[in-house]
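Here is what each chain is made of, one letter per residue.
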Amino acid sequence: MNSSQPNNARTDRSDRSDRSDRSDRIRGLVRLVLANRASAVYLTVVGGAMALAAAQPLFATGPDASLVWVWPALFTFPAFGFVAWLGEAGWGGDAPAWFFVGGIVLSALVQSLALGAVWRALRGRRDKRGHLTPAH
């Protein structure tokens, strides 16, 4: 680049590369969370449990009707334990429902990210071994 160009023309290219690096990182993170088999199956199970729990009051009434929300919480448990602790610390056991539903969704996404990272690590290790060839 010649020195007669203004300073902002020199920085445009670095800004574009920073944006593309950032968007590549975001795309990679989204792939880890959503675009692999392990994460997709896990999110389907958690989403199905949440859909059943949300639809359950339409079909059943009674004192045990709210216990169906235990299943989505159990499917997201290691991460949801922190959310439950925050709810207990912040509201003293009377946390609003939006907090727990949002906590289940956030916990599922965090655990899906971990599953995606493990899936990629295992797939990468398998791909590096090479393909088996028949013995001669």
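This structure is a prediction, so every number in the text was calculated from the model and none was measured.

Some remarks on the overall build of the protein
In terms of helices and strands, the protein carries five helices and zero strands. Beginning at the N terminus, the succession of helices and strands in the protein can be written as α-α-α-α-α. A buried classification covers 20% of the 136 residues belonging to the protein. Sequence separation of 24 or more characterises 63% of the internal contacts of the protein that already satisfy a separation of 6 or more.

Focus: the pattern of salt bridges
In this structure the tally under the stated criterion is one salt bridge. With a closest N to O distance of 3.0 Å, R27 and D24 form a salt bridge. In this pair, R27 and D24 both sit in helix α1 (residues 7–34), three residues apart, roughly one turn of the helix.

Concerning the nonpolar core
If you look at the biggest cluster of nonpolar residues, it comprises 10 residues: Y42, V46, M50, A73, F80, V83, A95, F99, I104 and A108. Going through the elements one at a time, α2 (37–59), α4 (77–91) and α5 (97–129) are the ones with two or more residues in this core. With near-sequence residues (within four places) excluded, A108 lies in contact with Y42, L43, V46 and T76.

Topic: the packing of aromatic side chains
For the coordinates displayed, the defined rule picks out seven aromatic pairs. Relative to W98, the ring of W91 has its centre 6.1 Å away and its plane inclined at 85°; by these criteria the two rings are edge-to-face. Classification of W91 as partly exposed rests on a relative accessible area of 39%. Seen in terms of ring centroids, W98 and F99 are 6.1 Å apart; in terms of plane orientation they differ by 85°. Their pairing is edge-to-face. The class of F99 is buried, set by a relative accessible area of 16%. The rings of F80, W91, W98, F99 and F100 are connected pair by pair, giving a single aromatic cluster.

Topic: a nonpolar patch on the surface
Residues V41, V45, L67, V70, W71, L74 and F75 make up a contiguous nonpolar surface patch of roughly 650 Å² in combined accessible area. Elements with a contribution of two residues or more to the nonpolar patch: α2 and α3 (70–75). Residue contributions to the nonpolar patch peak at four residues, all from α3. Its location among the elements puts V45 in helix α2.

Criteria and thresholds
- Residues numbered from 1 in each chain as written.
- Predicted model: local features only at pLDDT ≥ 70, side-chain atom pairs only at ≥ 80, totals over all residues.
- Heavy atoms only, no water.
- Helix = DSSP H or I, 4+ residues; strand = E, 2+ residues; numbered from the N terminus.
- Buried < 20%, exposed > 50% of the residue type's maximum accessible area, 1.4 Å probe, protein only.
- Contact = heavy atoms within 4.5 Å.
- Salt bridge = Lys/Arg side-chain N within 4 Å of Asp/Glu carboxyl O.
- Core = buried A, V, L, I, M, F, W, Y, C linked by side-chain atoms within 4.5 Å.
- Phe/Tyr/Trp six-rings, centres within 6.5 Å; stacked < 30°, edge-to-face > 60°.
- Patch = residues over 30% accessible without salt bridge, like charges linked within 9 Å, V, L, I, M, F, W, Y side chains within 5 Å.
- Areas by Shrake-Rupley, 256 points an atom, 1.4 Å probe, with all protein chains shown as cover.

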